[in-house]
Amino acid sequence: MPDIAVITPTYNRAALLPDALDSVIAQTIDASIEVAVVDDGSTAAPVDVMRPYLERYGDPAGRIHVTFSQQEKRGVVAARNLAIAQTTAPLIAILDSDDCWAPKKLAMQVEAMNADDRVGVVHTSFRYVDERGAFTDDGPQRVNNPCVGDCLDVLMNEFLVVFSSVLIRRDVVYRAAAAEPHGQPFDERWVNSQDYDLILRAAMFCQFAYIPEPLTLYR
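Bear in mind the structure is a predicted one, so any value in this text is a computation, not a measurement.

Definitions and cut-offs
- Residue positions are counted from 1 within each chain, in the order its sequence is given.
- This being a predicted model, a pLDDT of at least 70 is required before a residue's local features are given, and a value of 80 or more before pairs of side-chain atoms are given or counted; all residues contribute to the totals for chains, interfaces and linings.
- In computing side-chain properties, one takes all heavy atoms of the structure into account and sets aside hydrogens as well as water.
- Runs of H or I in DSSP of at least four residues are treated as helices and runs of E of at least two as strands, each being numbered from the N terminus.
- Only C-alpha atoms enter the radius of gyration; for comparison, a globular chain is expected to reach 2.2 Å times N to the power 0.38, where N is the number of residues.
- In this scheme, a residue with accessible area under 20% of its type's maximum is buried, one over 50% is exposed, and one in between is partly exposed, where area comes from a 1.4 Å probe on protein chains only.
- Whether two residues are in contact is decided by their heavy atoms, any of which lying within 4.5 Å being enough.
- Only the protein chains shown count as covering a residue, and every accessible area follows the Shrake-Rupley method with a 1.4 Å probe.
- Where helices are involved, their axes are fitted lines through C-alpha atoms of the stretch in contact, as for all axes, and angles between N-to-C directions lie from 0 to 180°.
- Here the angle decides the label: under 35 degrees means roughly parallel, over 145 means roughly antiparallel, 65 to 115 means roughly perpendicular, and every other value means oblique.
- Ten residue types, Ala, Val, Leu, Ile, Met, Phe, Trp, Tyr, Cys and Pro, are classed as nonpolar, four, Asp, Glu, Lys and Arg, as charged, and the remainder, Gly among them, as polar.
- Throughout, a disulfide means two cysteine sulfur atoms within 2.5 Å of one another.
- Salt bridge, as applied in this entry: a Lys or Arg side-chain nitrogen positioned within 4 Å of an Asp or Glu carboxyl oxygen.
- Patch definition: residues above 30% relative accessible area lacking any salt bridge, with like charges linked at up to 9 Å and the nonpolar side chains Val, Leu, Ile, Met, Phe, Trp and Tyr linked at up to 5 Å.
- His is not counted here, nor are the chain ends, while Lys and Arg score as positive and Asp and Glu score as negative.
- Polar contact is the term for a pair of N or O atoms within 3.5 Å; when the atoms are in protein, one must be able to donate a hydrogen and the other to accept it, and sequence-neighboring residues count only if both atoms are side-chain atoms.

A.B. asks: Go over the overall build of the chain with me, naming the residues and quoting the values.
C.D. replies: Within the chain one finds 7 helices and 8 strands. Radius of gyration (C-alpha) of the chain: 16 Å, near the 17 Å computed for a compact globule of 219 residues. Based on the C-alpha atoms only, the size of the chain along its principal axes is roughly 45 × 40 × 30 Å. Per-residue burial for the chain yields a buried fraction of 53% across its 219 residues. Of the contacts made within the chain by residues no fewer than 6 positions apart, 78% connect residues no fewer than 24 positions apart. Entry remark: accessible area of the chain is about 10000 Å², with carbon and sulfur atoms responsible for 51%.

A.B. asks: Requested: an account of the packing of helix α6 (residues 170-178) against helix α7 (residues 194-202), with residues and values cited.
C.D. replies: Running from amino to carboxyl end, α6 crosses α7 at an angle of 100°, the nearest separation of the two axes being 9 Å. On the basis of the axis angle, α6 is roughly perpendicular to α7. Residue-level contacts link Val172, Ala176 and Ala177 of α6 to Leu198, Arg201 and Ala202 of α7. Split by residue class, the contact of α6 with α7 holds 5 nonpolar, no polar and 1 charged.

A.B. asks: Could you give an account of the state of the cysteines, naming the residues involved and the relevant values?
C.D. replies: Under the counting rule described, the total for this entry stands at 0 disulfides. Take Cys151: it sits in no disulfide, and the sulfur closest to it among the cysteines is that of Cys147, at 3.1 Å.

A.B. asks: An account of the pattern of salt bridges is requested, with residue identities and associated values reported.
C.D. replies: Enumeration according to the criterion identifies 12 salt bridges in this entry. The residue Asp48 makes a salt bridge to Arg51 at a minimum N-O spacing of 2.8 Å. Of the two residues, Asp48 and Arg51 are both situated in helix α2 (residues 47-57); the distance of 3 residues between them amounts to about one turn of the helix. Classification of Asp48 by relative accessible area gives exposed; the value is 59%. Classification of Arg51 by relative accessible area gives partly exposed; the value is 38%. Arg132 serves as the salt-bridge partner of Asp130, at 3.3 Å between the closest nitrogen and oxygen.

A.B. asks: An account of a nonpolar patch on the surface is needed here, citing residue identities and associated values.
C.D. replies: On the surface, Leu152, Met156 and Met204 cluster together to form a nonpolar patch covering roughly 290 Å² of accessible area. By the element assignment, Met204 lies in the loop between α7 and β8 (207-218). What makes Met204 partly exposed here is its relative accessible area of 47%.

A.B. asks: Lay out the side chain of Lys105 with the relevant residues and their values.
C.D. replies: Within the secondary structure, Lys105 sits in helix α4 (residues 105-114). For the buried residue Lys105, which engages in no salt bridge, the nearest side chain bearing the opposite charge is Asp99, 10 Å off. There is a polar contact of 3.5 Å between the side chain of Lys105 and the backbone oxygen of Ser165. Setting aside residues up to four positions removed in sequence, Lys105 forms contacts with Gln27, Ser164, Ser165, Val166, Leu215 and Thr216.

Shown next as structure tokens:
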């Protein structure tokens, strides 16, 4: 079984998708990683972009295993649900196709999660970048993020988690899904704020840890 599943929905982002995938491949962690890319009905599906990754990382026995699937346009919510269903690893990392990670991100997050078995979500500081990857801010963002430990009350006031920075235990995702009548990680009736919804539900079942280093690059 892989150690970490990376969930990457995409829609009309063929130009940016390689940056996201390359940042996963560059992770320094000594772990097996499965990457599920789900295309949500792009007008020009990134088949050519995905081909070299599938050729090089298509072996399920490899340290990194990349899969690619397509669905009719149903929205990012359905794409994320499908990607989670296609993977098996006990830890799930969220990475939208226009964002990317610093090489040590997953290693630092797993270390933080292993330090306390009450922690089910680890998120990180981030920096804003443009399409070329150049910084568009004045430095690391939300370094003193208060969303740490038992943070349901904090999250009720403001969504303080950048979703592409999240590493979450699969069992927390499943408990959050079971807490709703629809039984899914993400409610497919929603168009907006489905990331906020999942994180709120996760906060009912676990504690959060935060890494103040900008390990996520957010477009």
